[in-house]
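Breakdown of the fold
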Amino acid sequence: MSIARLNAFDGLFLRAEHLERMQEYTRSLAHALGRSGGPGVVHGYTTRLSGDGLTLTVDPGLAVGPTGRPFLLDASVALDLRDPEVIGPEDEPGTLRMITVTARETLDGKENVYGDLCADASMGSKEACIREEAVIGIGALPLALPPDKSDRTLRSRASSLWFRQEHRQGGPWIAAVDAPDRTDVLRGDWGEGLSLPMPVAADAVPLGVLLRTSGRWVLDVWTVRRERMDSPALRARQAQLGLRSWDVFLAQVLQFQAMLAAGWAEAVAIGKGEAGGVDVRDKLEAALRTISSPSAIANLQAALEWVPDATTAEAAQAGTPTLVGGLGIVELPPAGFLPCGRGARRAVREEIGAMFPQSVELTFRSCPADAVLSAVESARNLRRVPLDRSDDKDRVGVEILVPDGVDGPEGPATGRPWVAFRRRAERTTADLESVDLYLLTAFGDDVATLVAGLTKDGLDPAGVDGVRHHVLHYPVDGWALPPEQPVVESWRKDDEPVTAVALARSADRRVLTGGRAALLLDLFQRHPDDEAERGGGIYATVRTALSKDAVVLVRRRGMEEPDVTG
């Protein structure tokens, strides 16, 4: 394809076809420049639903289509979602629709048409102006979403599947996400230029998605909307290397933040709406058995889909809904932001920990606020965080970054009303060494006997009744709190002192193992000045029979034996 322009010269009999050639040259040049910047929204095009969910409004804006054609909307457009010609014939629960902007041409401006040059009579009139208008449309979303009866997770499931589909369509040469890995780093086309053919699909820019639940339409903007940031060449090269482009990363973060904000107030309101721990779900189900109005039944059934499974007392505790059960979010972006404390300086560990399921392993770190933002930015190419895994053996590591945090006995505290999260970059097993952790509970003076047995008599902690065993991972020969820190802290009790025993597999590792034990013990020393009174202490010994180092934490529970008669 080439771009041709008029070759004007004296004596040329200028006709309509020549003027059309001049316009076509300008149009082709503008579209080529538009394609060089890539498709997407330049500004505006805010989409929103009315309070009753029946009207979709799209504000003015500018976008550029895949062919480089500009779509300029200069006035707001309102669409009636009850009209089958607007929304389509199918509006069953689970229906997905995509909102797009495209362009159409209309003729305007009447002008007279004249005959031969020497003739004076008019031969009628024609439209002399072609008006290019931006048009908002709603069509099918090309996404095969597996069936599921839960309305609450529909939005999260649809966005997660779209993001995975988008990644695969990029044709990555380096496979860091999908399995099996068929990466060929010796392929012969590393030095070839990019081939970016003209798009053959509809010349349109996505603006959002409409999802049909049991009782209403739900709007999600950032699942499909992409803003115009990078050139097609940069996007294509990033896709080849399995990297995530900036527009996609920001869209994933913004999609989560919008979904979080939309569900948060609703979930908290439901959780606090009843007193005394009354189960809202039970009340709604009881109401269903007592009414006969079809419309009232439909409304209550729709409401049930959005009620968390927990009781209102549990949901209202600290006003913190869970991400999965309360908000229906089944997957997180690589990084993002969560609310906390609402501006009161308080420890965030308990509040943030209550949001996540057991399949996620949390670690907390205090950082300057600007460093937190940089850490979020650096997570662009990390994998997304699944929240619906049921296998605790495959737990996902997430780091909670506390802005301007102050470390205290209950963990980091901050006066800011937010924290950030990012997926923890897992190390390979070659970069880590494992240490056995044993958690024991003893009563009263039995602690001294147990510790003496561990340090002098070679007592095997694995053979003690009631032992809990975990495996910790450390950098090779390194000092640090392990990623499994939350497992250790979950065993902590405020009023029960803990003693640490380090068992090194060789004499040269005694100091290292003792240091690791000391860091774990620090998690329990809430009152360092009273350490002697509380019974805390560290003991280290060498066990050459061990294949790897071990740390034993012994918790003292009271001075009297427990009553086991009941």
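Read on for an overview of the structure. Starting afresh in each chain, residues are numbered from 1 along the sequence in its written order. Confidence filtering applies because this is a predicted model: local features only for residues at pLDDT of at least 70, side-chain atom pairs given and counted only at 80 or more, and all residues used for totals across whole chains, interfaces and linings. Heavy atoms from the whole structure form the basis of all side-chain values; hydrogens and water molecules are not counted.

**Here we look at helix α1 (residues 16-37)**
Secondary structure follows DSSP: runs of H or I at least 4 residues long count as helices, runs of E at least 2 residues long count as strands, and numbering of each begins at the N terminus. Multiplying 1.5 Å by the helix residue count minus one yields the expected span of that helix. Here α1 spans 32 Å end to end across 22 residues, near enough to the 32 Å set by a 1.5 Å rise per residue. Each residue is assigned to one of three classes by its accessible area relative to the maximum for its type, calculated with a 1.4 Å probe on protein chains only: buried under 20%, partly exposed between the two thresholds, exposed over 50%. Along α1, the positions that sit buried rather than exposed are H18, S28, H31 and G34. In what follows, residue pairs with any heavy atoms lying within 4.5 Å of each other are defined as contacts. Taken together, the buried residues of α1 touch β4 (61-64) and β5 (70-73). Immediately downstream of α1, the backbone of G38 shows phi near 85°, a positive value.

**Examining the sheet that holds strand β12 (residues 335-339)**
In this analysis, strands are considered paired if DSSP registers two or more bridges between them. Across the sheet, which stays open at both edges, the 4 strands sit in the order β12-β19-β16-β14 with mixed pairing between neighbours. Of all the strands in the sheet, just β12 and β14 (360-367) have a single pairing partner and so form its edges. The sheet shows a mean angle of 30° between the axes of neighbouring strands, taken without regard to direction. With 8 bridges joining them, β14 and strand β16 (residues 396-403) adopt parallel strand pairing. Within the sheet, the bridge partner assigned to E361 lies in β16 and is G397. Orientation is described by lines fitted to C-alpha atoms, with helices fitted over the stretch in contact, and by angles between N-to-C directions that extend from 0 to 180 degrees.

**Examining the nonpolar core**
Throughout, nonpolar core names a set of buried Ala, Val, Leu, Ile, Met, Phe, Trp, Tyr and Cys residues whose side chains join them through atoms within 4.5 Å. Formed by 26 residues in total, the largest nonpolar core has its most connected members in L323, L332, L338, I352, F356 and I400. Broken down by secondary-structure element, the contributors of at least two residues to this core are α5 (246-272), β14, β16 and β19 (418-423). Beyond its immediate chain neighbours, meaning those up to four positions away, L323 contacts L260, G328, I329, L332, L338, M355, F356 and L387. Membership of the second largest hydrophobic core comes to 25 residues, among which are L73, L79, V205 and L207.

**Some thoughts on the packing of aromatic side chains**
Classification of ring pairs uses Phe, Tyr and Trp, with its six-membered ring standing for Trp, and accepts pairs whose centres are within 6.5 Å; under 30 degrees between planes counts as stacked, over 60 as edge-to-face, and the remaining range as tilted. Inspection of the entire model under this criterion finds 4 aromatic pairs. On the basis of an interplanar angle of 85° and a centroid distance of 5.1 Å, the ring pair of W173 and W190 is categorised as edge-to-face. In this pair, W173 is assigned in the loop between α3 (154-169) and β9 (205-212) and W190 in the loop between α3 and β9, connecting sequence segments 17 residues apart. You can call W173 buried: its relative accessible area is 14%. Using a relative accessible area of 37% as the deciding quantity, one classes W190 as partly exposed. Note on W246 and F249: the rings are 5.7 Å apart at their centroids and 70° apart in plane angle, and the pair reads as edge-to-face. Placement of both W246 and F249 in helix α5 is noted, with a separation of 3 residues, approximately one turn of the helix. Overall, W246 belongs to the partly exposed group, its relative accessible area being 26%. The exposure class assigned to F249 is buried, which follows from its relative accessible area of 2%. Over a ring means this: the NZ of a Lys or the CZ of an Arg is within 6 Å of the ring centre and within 35 degrees of the ring normal. The positively charged end of R380 is found above the aromatic ring belonging to W246, 4.6 Å away from the centroid. Residue placement shows R516 over the ring face of Y474; its charged tip is 4.4 Å from the ring centre.

**Regarding the sheet that holds strand β3 (residues 55-58)**
Sheets are built from strands that pair by backbone hydrogen bonding, the pairs being arranged parallel or antiparallel. Strand order across the open sheet formed by 3 strands is β2-β3-β6, with antiparallel pairing between neighbours. Bordering the open sheet on either side are β2 (47-49) and β6 (77-80), each of which pairs with just one other strand. Adjacent strand axes in the sheet meet at a mean angle of 20°, parallel and antiparallel pairs treated alike. With 3 bridges joining them, β2 and β3 adopt antiparallel strand pairing. Looking at the pairing, L49 lines up with L56 of β3.

**A few points about the environment of G208**
One can find G208 in strand β9. On the basis of relative accessible area, G208 is assigned to the buried category, the value being 0%. Distance from G208 to I99, taken between C-alpha atoms, is 5.1 Å for residues 109 residues apart in sequence. With residues near it in sequence (within four places) discarded, G208 still touches R97, M98, I99, D220, V221 and V224.

**Overview of the pattern of salt bridges**
Salt bridge, as used here, is a side-chain nitrogen of Lys or Arg placed within 4 Å of a carboxyl oxygen of Asp or Glu. In the structure shown here, the tally under the stated rule is 22 salt bridges. With a closest N to O distance of 3.4 Å, R235 and D247 form a salt bridge. Taken together, the residues span a long stretch of sequence, with R235 in helix α4 (residues 232-240) and D247 in helix α5 at a distance of 12 residues. Neither R235 nor D247 differs from the other in exposure class; each is buried. By sharing partners, the salt bridges in this structure join E433, D477, R505, R509, R516 and D549 into a single network.

**Observations concerning the side chain of R543**
Tracing the backbone shows R543 in the loop between β23 (537-542) and β24 (550-556). We count Lys and Arg on the positive side and Asp and Glu on the negative side, and we leave His and both chain ends out. No salt bridge forms around the buried R543; measuring N to O, its nearest opposite-charge neighbour D460 is 6.0 Å away. For this analysis, a polar contact is any N or O atom pair within 3.5 Å, provided that within protein one partner can donate a hydrogen and the other can accept it, and provided that sequence-adjacent residues contribute only side-chain to side-chain pairs. Looking at R543, its side chain comes within polar contact range of the main-chain oxygen of L459, at 3.1 Å. The contact partners of R543, leaving out residues within four places of it in the chain, are G453, L454, G458, L459, L503, A504 and R505.

**Considering a nonpolar patch on the surface**
Where nonpolar side chains cluster on the molecular surface, the patch consists of V185, L186, W190, L241 and L243 and spans about 500 Å² of accessible area. With respect to the secondary-structure elements, L186 resides in the loop between α3 and β9. On the basis of relative accessibility, which here comes to 75%, the residue L186 falls in the exposed class. Patch rule: a residue counts if its relative accessible area is over 30% and it has no salt bridge; like charges are joined within 9 Å, and nonpolar side chains (Val, Leu, Ile, Met, Phe, Trp, Tyr) within 5 Å. Accessibility throughout is a Shrake-Rupley quantity obtained with a 1.4 Å probe, and a residue counts as covered only by protein chains that appear here.

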